[in-house]
Amino acid sequence: MTAPQPHKILMVDDEEELLSTNKECFEDEGFEVATTLNGFEALKMLSEKRFDAIISDYTMPRMNGIQFANYVKVNEKNSMTPIFIISGNMNHNALGQLKKVGVLGFISKPYDIYKVINIVKSKITTTTKIDSYSPELLKLFNQCILDVFSHYFKEGVKIIENKTSKNNAPLA
């Protein structure tokens, strides 16, 4: 039996000391961790390698967390990769934007790194089960869901139309 491969994490933070400490903690828990100090370098790394999760600082020079997450999520190759954003000063507007982009988690500074590790582990387990399927199978699965939804939606419309025509009264 083959040993399971370690989960691959990409960490992006312009604070080198914090990045180094977090990397060490994740590695102690069995993760394979790549680090970089900015979003542009992270995007380059993502184009070359697949990661199971991304943990990024929100406030960085040249590209903030929203911009970085948006670039990651619009790329089909990385669109399903869970992203966690770390911030010491997050406002409601930024939180809303990050949710729209598809960021999975928000981590407020200061934080307990081992709680963060457990959260990341649980999210990776869920998404890697889905992500382990081939792209063709996922497309087929998505199409089946759409077909089923479309069928039941059309049936629902027919039922409503029939009831409306029988009652000769429009729906409120």
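Attention here is on the structure that accompanies the text. Predicted model, so just to flag it, every value in this text is computed and none were measured.

1. Quick look at the overall build of the protein
Part 1: Within the protein one finds six helices and five strands.
Part 2: Each of the 172 residues in the protein was classed as buried or not, and the buried ones make up 30%.
Part 3: For the protein, the share of sequence-separated contacts (at least 6 apart) that also reach a separation of at least 24 residues comes to 62%.
Part 4: When the accessible area of the protein is evaluated, it comes to approximately 11300 Å², of which 56% is carbon and sulfur surface.

2. Remarks on the sheet that holds strand β5 (residues 105–108)
Part 1: Spatially, the five strands line up as an open sheet ordered β2-β1-β3-β4-β5, and their pairing is parallel. Two strands close off the open sheet at either side, each with one partner strand: β2 (32–36) and β5. Pairwise comparison of adjacent strand axes, ignoring direction, gives a mean angle of 20° for this sheet.
Part 2: Inspection of the sheet shows strand β1 (residues 8–12) paired to β2 by five bridges, in the parallel sense. Counted as the bridge partner of Lys-8 is Glu-32 from β2.

3. Side note on the packing of aromatic side chains
Part 1: Counted under the stated rule, the structure contains one aromatic pair.
Part 2: Pairing Phe-26 with Phe-31 gives two aromatic rings, centres 5.0 Å apart and planes at 65°, and the pair type is edge-to-face.
Part 3: Assessed through its relative accessible area of 6%, Phe-31 is described here as buried.

4. Topic: unusual backbone geometry
Part 1: Cis geometry is found at the peptide bond from Lys-109 to Pro-110, where omega equals -10°.
Part 2: Topologically, Pro-110 is positioned in the loop between β5 and α5 (113–131).
Part 3: The phi dihedral of Arg-62 is positive, around 75°, even though this residue is not glycine.
Part 4: According to the relative accessible area criterion, Arg-62 is exposed, its value standing at 67%.

5. Let's talk about the packing of helix α2 (residues 39–48) against helix α3 (residues 65–74)
Part 1: Where α2 contacts α3, the axes come no closer than 10 Å and their chain directions differ by 15°. Here α2 lies roughly parallel to α3, going by the angle between them. When you trace α2 past α3, the crossing you get is right-handed. The residues of α3 that touch α2, namely those facing Gly-39, Ala-42, Leu-43 and Leu-46, are Phe-68, Tyr-71 and Val-72.
Part 2: Taken together, the residues of the contact of α2 with α3 sort by class into six nonpolar, one polar and no charged.

6. Observations concerning helix α4 (residues 92–101)
Part 1: Within α4, burial applies to Ala-94, Leu-98 and Val-101. The arc enclosing the buried residues of α4, seen along the axis, measures out at 60°, which places them on a common side. Away from its buried face, by an angle of more than 90 degrees, α4 presents the exposed residues His-92, Asn-93, Lys-99 and Lys-100.
Part 2: Against α3, β4 (83–87) and β5 lie the buried residues of α4.
Part 3: Two residues or fewer after α4 comes Gly-102, characterised by a positive phi angle close to 110°.

Rules used in this analysis
Residues numbered from 1 in each chain as written. Predicted model: local features only at pLDDT ≥ 70, side-chain atom pairs only at ≥ 80, totals over all residues. Heavy atoms only, no water. Helix = DSSP H or I, 4+ residues; strand = E, 2+ residues; numbered from the N terminus. Buried < 20%, exposed > 50% of the residue type's maximum accessible area, 1.4 Å probe, protein only. Contact = heavy atoms within 4.5 Å. Areas by Shrake-Rupley, 256 points an atom, 1.4 Å probe, with all protein chains shown as cover. Pairing = 2+ DSSP bridges. Axes fitted to C-alpha atoms, helices over the stretch in contact; angles between N-to-C directions. Phe/Tyr/Trp six-rings, centres within 6.5 Å; stacked < 30°, edge-to-face > 60°. Parallel < 35°, antiparallel > 145°, perpendicular 65-115°, else oblique. Left-handed = near helix turned anticlockwise from the far one by under 90°. Nonpolar A, V, L, I, M, F, W, Y, C, P; charged D, E, K, R; others polar. Arc of directions from axis to C-beta.

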